[in-house]
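Descriptive analysis of the structure
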Amino acid sequence: MSADQSHQRQQVPERSTGAPVRQLRLVVEADDYEQAVTFYRDVLGLPERAAFQGAGDARVAILDAGRATLEIVNPAQKRMIDEVEVGRQVAPHLRVAFEVDDTTARTSTLEQAGAEVVAAPVRTPWNSLNARLHAPAGLQITLFQELS
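**Focus on the sheet that holds strand E5 (residues 128-135)**
Across the sheet, 4 strands lie side by side as E3-E6-E5-E4; this open sheet has mixed pairing. The two strands at the open ends of the sheet, each matched to only one other strand, are strand E3 (96-99) and strand E4 (116-123). Across the sheet, the mean angle separating the axes of adjacent strands is 15° when strand polarity is ignored. Here E4 runs beside E5; their pairing, made up of 5 bridges, is antiparallel.

This is the structure:
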C-alpha cells in the first residue's frame, strides 16, 4: 500500500456506467518546460511516449508513469500522511506519488537534479519507504517503495 492508502479497506459496491476510463493524464503547466521535461523524463525516468509542438512555441511531452491511480483522501487522512511522511502539515491540495524500487537512491538522484527534499525517506506504518520532495513545475511529490 502507498502512504495514501488507509490501514483498512472498505468494500465499495461496483458501479459501472459503460466503458471504463482508459487512461489518467495529469496535465501540469511548467514555466521552465525544458527543466521539467529533463527532470521527469531523464532523471526520474518516465519514458516519453509522444511530444508535440505547435504555433507560438506551444509544446507538450507525454511521459509514461506506468499504472495510474487516483487517490481521494479526506482532510484527516491528508493530515495523517503529512504527519507520517514529513512530521508536519506541508502538502498542497494536489500531490503526486511515484512508486520506485529504491526510495533512498532515487531521492538522492532527484535532489542532485534540483528537487528540494522536504522529508528524507521514512518507513511508514503501512510498510513502505516514503520521501517527500518539491520538484520542478511546482509539484510536491512523494516517492514510495513498497517493503512487503
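**Considering the pattern of salt bridges**
Inspection of the entire model under this criterion finds 7 salt bridges. Here Arg41 and Asp42 are joined by a salt bridge, their closest N and O atoms 2.7 Å apart. Between Asp57 and Arg59 there is a salt bridge, with its nearest N and O atoms 3.6 Å apart. On the accessibility criterion, Arg59 (33% relative accessible area) is partly exposed. Here the residues in one salt-bridge network are Glu34, Asp57 and Arg59, joined through shared partners.

**Quick look at the side chain of Asn130**
You can see Asn130 is positioned in strand E5. Accessibility expressed as a relative area gives 0% for Asn130, which makes it buried. Among the polar contacts listed, one links the side chain of Asn130 to the side chain of Ser128, at a separation of 2.7 Å.

**Some details on the pairing of strand E1 (residues 48-54)**
Relative to strand E2 (residues 58-63), E1 runs antiparallel, the two sharing 6 bridges. The partner of Ala51 across the bridge, within E2, is Ala61. Adjacent in sequence and paired antiparallel, E1 and E2 are bridged by 3 residues, among which Gly56 carries a positive phi angle near 70°.

**So, the environment of Asp64**
Within the element layout of this structure, Asp64 appears in the loop between E2 and helix H2 (75-85). Taking the C-alpha atoms as reference points, Asp64 and Leu46, separated by 18 residues in sequence, lie 5.5 Å from one another. What Asp64 contacts, discounting residues up to four positions off in sequence, is Leu46, Pro47 and Arg49.

**Description of unusual backbone geometry**
Peptide bonds are trans in most cases, and residues, glycine excluded, mostly fall at negative phi. We note that Asp57 has phi near 65°; this positive angle belongs to a residue other than glycine. Mapped onto the secondary structure, Asp57 falls in the loop between E1 and E2. Residues other than glycine seldom take positive phi values, yet Asn127 does so here, at roughly 65°. Mapped onto the elements, Asn127 comes out in the loop between E4 and E5. For Asn127, a relative accessible area of 25% puts it in the partly exposed group.

Rules used in this analysis
- Sequence order as written defines residue numbering, which begins from 1 separately in each chain.
- Side-chain atom pairs in this predicted model are given and counted only at pLDDT of 80 or more, local residue features only at pLDDT of at least 70, and totals for whole chains, interfaces and linings cover all residues.
- Hydrogens are left out, water is left out, and the side-chain values use all remaining heavy atoms of the structure.
- The criterion for strand pairing is that DSSP finds at least two bridges linking the strands in question.
- Helix numbering and strand numbering both begin at the N terminus, where a helix is a DSSP run of H or I of at least 4 residues and a strand a DSSP run of E of at least 2.
- The convention used is that axes are lines fitted to C-alpha atoms, helices contributing only their stretch in contact, and that angles between N-to-C directions extend from 0 to 180 degrees.
- We define a salt bridge as a side-chain nitrogen of Lys or Arg found within 4 Å of a carboxyl oxygen belonging to Asp or Glu.
- Here the term buried applies to any residue with accessible area under 20% of the maximum for its type, exposed to any over 50%, and partly exposed to those in between, with areas from a 1.4 Å probe on protein chains only.
- In the analysis that follows, any N or O atom pair within 3.5 Å is treated as a polar contact, provided that within protein one partner can donate a hydrogen and the other can accept it, and provided that, for residues neighboring in sequence, both atoms belong to side chains.
- We call two residues contacting when some pair of their heavy atoms lies within 4.5 Å.

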